[in-house]
Amino acid sequence: MNETVRVAKSAASEDVLPLMGNEAIARGAWEAGVKVAAAYPGTPSTEIMENLARYPASDLYVEWSTNEKVALDVAIGGAFSGARAFCSMKHVGLNVASDSLMSQSYIGVHGGLVLVVCDDPGIHSSQNEQDTRLFARLAGVPVLEPSDAQEAHDFVKLAYEISERFDTTVIVRSTTRLSHTRSAVRVGPRETVASKGFVDQPSKTVAIPANARRQHPKLVAREQAIAEYLETSPLTHWEKGDTKFGVITGSTSYLYVKEVAPWASVLKLGAAYPLPEKAIREFAASVDRLFVVEELEPAIEKEIRALGIAVEGKALFPRCGELSPELVRAGLAAAGVMAAAEVVAPLAIEPMARPPVLCAGCPHTATYLALRSLNARVAGDIGCYTLAAVEPLRSIDTTVAMGSSIANAVGMAAAGEPRPIIATIGDSTFLHAGLPPLVGAVYNKANITVVILDNAITAMTGGQDHPGTGRTIRGEKTFKVDYETICRAVGVSWVRKVDPYQVGKLLQTLREATAFKGVSVVIAERPCVLDPVKIKGAPLAINASGCVACQSCMNLGCPALVWSEETYEGRHKVEIDQGACIGCTLCAQVCLSDCIQPVAS
Amino acid sequence: MNEIVLSVAASTTPRNVMVVGVGGQGVLLISKALALIAQKQGFHVKQSEVHGMAKRGGVVFSHVRFGTKVWSPTIAKGEADVLIALEWAEGLRWLDQLRPETGVFIADVRQIVPPFACRDRRLGAATRYARETPAEVAEKVGESYALDATTIATNLGEPRAANTVLLGVLSTSMDIAVDDWLTTLDQLIPAKSREINRKAFQAGRDWGEAAHADPTLRFDKSRIAAPASAPIENAVSIEIDSVWCKSCDICVKVCPERCLALNAEHIAYVKTPEACTGCHVCEWLCPDFAITVRTSAVA
């Protein structure tokens, strides 16, 4: 490749840009003429909608939805009205959106509908590593698997053609590796796609039993037609090479295969479902041994085996975690078709653990410090605050999925757990999936305390707006949700707001809340220190002569607090990193010897 | 410049550079700069990173590969030509990514000690921070350049430009013109920080050229890692006077090792004596002077 790269963005002309996978996906959607786009943030998918929001409002409507099901329903509505519609989410988001996907699969589309789902093999930032290709099979919709940013861009555009031609939602599956790898992408101008308008066809668009019974055989026929199309589509790509063995692969796995065995015959599948049977049979017959290299589940391998073709896959390549050139090489070496990597003597350096921590001054720190001393059972939720599941703050007992905390707490109470039961849930997560369980908890007379950790942003994913921030994805002012009013409206009579920086008051409020019989809600209100603006107050300092090395402040796990060289009775005194400290005063509030003070100016 | 490790002109197999550090240090900025400059030389480039925990003081790493054709976005273990570490212990974590014998290690000796490493309350315990010194590491890799880039950048007026200092050191091992580096940096850095980053780049380059000429300058001998942990033998006993205890629960709540509890009569007792480090916090905070902590060692 010898293209000259111009970095300046030129929307109109064809150009080559260095783009992250997620940027390429957004660019592809924009070029495809998408009019309606919706998402809920989730690593590794978040940047897709952030990038789409950079295109003008005259080109397309974009929104942060309250959750992934809402996002998909908005996109489905856009497609009903004849526009090209787009939706993106992380893999576990599809669990939330799947109810709509399953119906939509029967209904089909009108305007094209593409759903980008970003999987997280290796679980870099998720609660599991489920494989979206299995979901596609369950829903009976095709799933495309790009391998690099160029393909991500191209496949999204192609997905709209497939969607409209075959009357189906199309899933484009990315992974953390693809979404967060930057490479050169040849881009093009935006297509002008006229909206087809809403067309009355209730027998198709209304999912009632009579209609669904008619639509189901159409879905089965559609699957067959797409498989037929894939036989000759450029998505299915045979790279002829040595015939001692052949590899069927796709996504980034394809890149690892090319890296370690560039001479091998490869059948690259751009779609993992449905499969082009004839192409696979022909390829299998051309090689002595057949391997499938795919990340996570043996989705392709099982289908091929069901065709009666001899194939090797998960016996050689792991089913858990992310693949790599090393693992692909090790698998092929174990099969005896290539040499193993040279064994390098280990360097005998033990790596130091560096777990992620809550930021210096994070308001969650205070809340969990208080919870740590309450002797309560704490049902946690999804967000930065999951970091309070480990020492020194360790105070969360469970974490399941978005919005699970409140209903988990109800169940714990119902089972007779003797300790006070507290659910902790962030603001964005509360709006995402915390409302129904809160309504249910009051309705069913549960005796639990709910702590809403309101830091006024979706923090874990890098600071996205939501209905509680009062701003849209494009930064426009909008209505700001009032949590206290919501709680009172659903019947919570005991609601208090508290500033988590006031540790004593917070602890006292939590005590009163847990003493209340019924559902009590504490709203711990204090903005995130990173987003939307970085907060940096005057730092504090420790008067070393007063420090008795009691380590009480170290119980905060604050990254601005470190051991100094000085000791007191054999233990390290503590000092404050002035650059990192934002002056929240939590350490000063817990200091036994009152030796933490603002820096005298 | 007398050694060219990454000859850009003659690379047919891809060149692999790994950049590592801690969230917020600017790992991604110098990865992008390197990717961009390689792309300008006409190469196929892939730059891969993992975000998610980046803002939360966690481990950040980025793979940059360039050549006539690059397949995998990640560098296999033992195949990195260069490892750039913005933080000392992070460099050590990824050291085995380097090619044995020939790999080049460029590291800031700056230590960012995580809260997790300051957890051991036993008497005499040291931090869990990595102990290997620059001199020891130099023995293990092809070439090692360890400098105090953060101090160099701080002296220029901006500690956060340490990443650009390291890029300057890297530039002395690549045959790319200085002007190309500087214009690339200008593209990625906001106007108000350009001047300081240009200076930082040049400072790194000067250091690198001096170190190439004189191998004795390649690591900062003044930096000595923390002594190994040597906990002092210390028998601890806790006495709780049940008559004075009024069941307030304060000691239970404040114990850093969570070794105290209330018994059936709501009197405090030591539930897990083996976890007690004799830190005295319960003794100091008991409002009724009901707790006495005795330790055999006095430091």
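Thresholds applied
Residues numbered from 1 in each chain as written. Chains lettered and ligands numbered in written order. Predicted model: local features only at pLDDT ≥ 70, side-chain atom pairs only at ≥ 80, totals over all residues. Heavy atoms only, no water. Helix = DSSP H or I, 4+ residues; strand = E, 2+ residues; numbered from the N terminus. Buried < 20%, exposed > 50% of the residue type's maximum accessible area, 1.4 Å probe, protein only. Contact = heavy atoms within 4.5 Å. Areas by Shrake-Rupley, 256 points an atom, 1.4 Å probe, with all protein chains shown as cover. Lys, Arg positive; Asp, Glu negative; His and termini not counted. Charge placed at Lys NZ, Arg CZ, Asp CG, Glu CD. Buried area = accessible area lost by both parts, 1.4 Å probe. Salt bridge = Lys/Arg side-chain N within 4 Å of Asp/Glu carboxyl O. Polar contact = N/O pair within 3.5 Å; in protein donor to acceptor, adjacent residues only side chain to side chain. Nonpolar A, V, L, I, M, F, W, Y, C, P; charged D, E, K, R; others polar. Pairing = 2+ DSSP bridges. Right-handed = clockwise from strand over helix to strand, strands pointing away. Axes fitted to C-alpha atoms, helices over the stretch in contact; angles between N-to-C directions. Left-handed = near helix turned anticlockwise from the far one by under 90°.

Caption draft 1: Structural detail: the overall build of chain A. Counting its secondary structure elements, chain A contains 19 helices and 22 strands. Structurally, chain A occupies a C-alpha span of about 80 × 65 × 55 Å along its principal axes. Within chain A, the fraction of its 601 residues that count as buried is 59%. Restricting the contact set of chain A to residue pairs at least 6 apart, pairs at least 24 apart contribute 73%. Roughly 23100 Å² of accessible area belongs to chain A as shown, and the carbon and sulfur atoms make up 55% of that amount. Here chain A contributes 56 positive and 64 negative side-chain charges, whose respective centroids are spaced 4 Å apart.

Caption draft 2: The interface of chain A and chain B, seen in detail. With 67 residues of chain A at the interface, the matching set in chain B holds 71 residues. Both sides of the chain A and chain B interface together cover about 6300 Å² of buried area, and 59% of this is carbon and sulfur. Joining chain A to chain B, the criterion identifies five salt bridges. R258 of chain B is the partner of E391 of chain A in a salt bridge, and the nearest nitrogen-oxygen pair spans 3.1 Å. The interface formed by chain A and chain B holds 25 residue pairs in polar contact (both at pLDDT 80 or more) in total. Along the lines of polarity and charge, the residues of the side of chain A that touches chain B split into 36 nonpolar, 15 polar and 16 charged.

Caption draft 3: Structural view of the pairing of strand β10 (residues 242–249) of chain A. Residue and element names in this part refer to chain A. Pairing of β10 with strand β11 (residues 264–269) involves five bridges; the strand directions are parallel. What sits directly across from D242, in β11, is A264. In this view, the connection linking β10 to its parallel neighbour β11 by way of helix α10 (residues 251–260) has right-handed handedness. Judged from the five bridges that link them, β10 and strand β13 (residues 289–293) form a sheet pairing that is parallel. Of the residues in β13, the one forming a bridge with F245 is R289.

Caption draft 4: Region of the structure containing the packing of helix α6 (residues 178–188) of chain B against helix α7 (residues 191–213) of chain B. Residue and element names in this part refer to chain B. Remark: α6 packs on α7, axes separated minimally by 10 Å, with the N-to-C direction vectors making an angle of 145°. Two packed elements cross with a definite hand, and for α6 against α7 that hand is right-handed. Where α6 abuts α7, its residues V178, W181, L182, L185 and D186 lie against R194, N197, R198, F201, Q202 and R205. Considering only residue class, the contact of α6 with α7 consists of five nonpolar, two polar and four charged.

Caption draft 5: Representation of the environment of I152 of chain B in the model. Residue and element names in this part refer to chain B. In this structure, I152 sits in helix α4 (residues 149–156). Sequence separation between I152 and T216 is 64 residues; the distance between their C-alpha atoms is 19 Å. Leave out the neighbours within four places in its chain, and I152 touches L147, V165, A203 and W207.

Caption draft 6: The pattern of salt bridges, seen in detail. Residue and element names in this part refer to chain A. Counted according to the given criterion, the structure contains 47 salt bridges over all chains. The residue K278 makes a salt bridge to E228 at a minimum N-O spacing of 3.0 Å. Here the residue K278 occupies a position in helix α11 (residues 277–286), and E228 occupies one in helix α9 (residues 209–232), the gap between them amounting to 50 residues. The class of E228 is partly exposed, set by a relative accessible area of 43%. What emerges from the salt-bridge pattern is a single network uniting D119, D131, R133, E145, R173 and E294.

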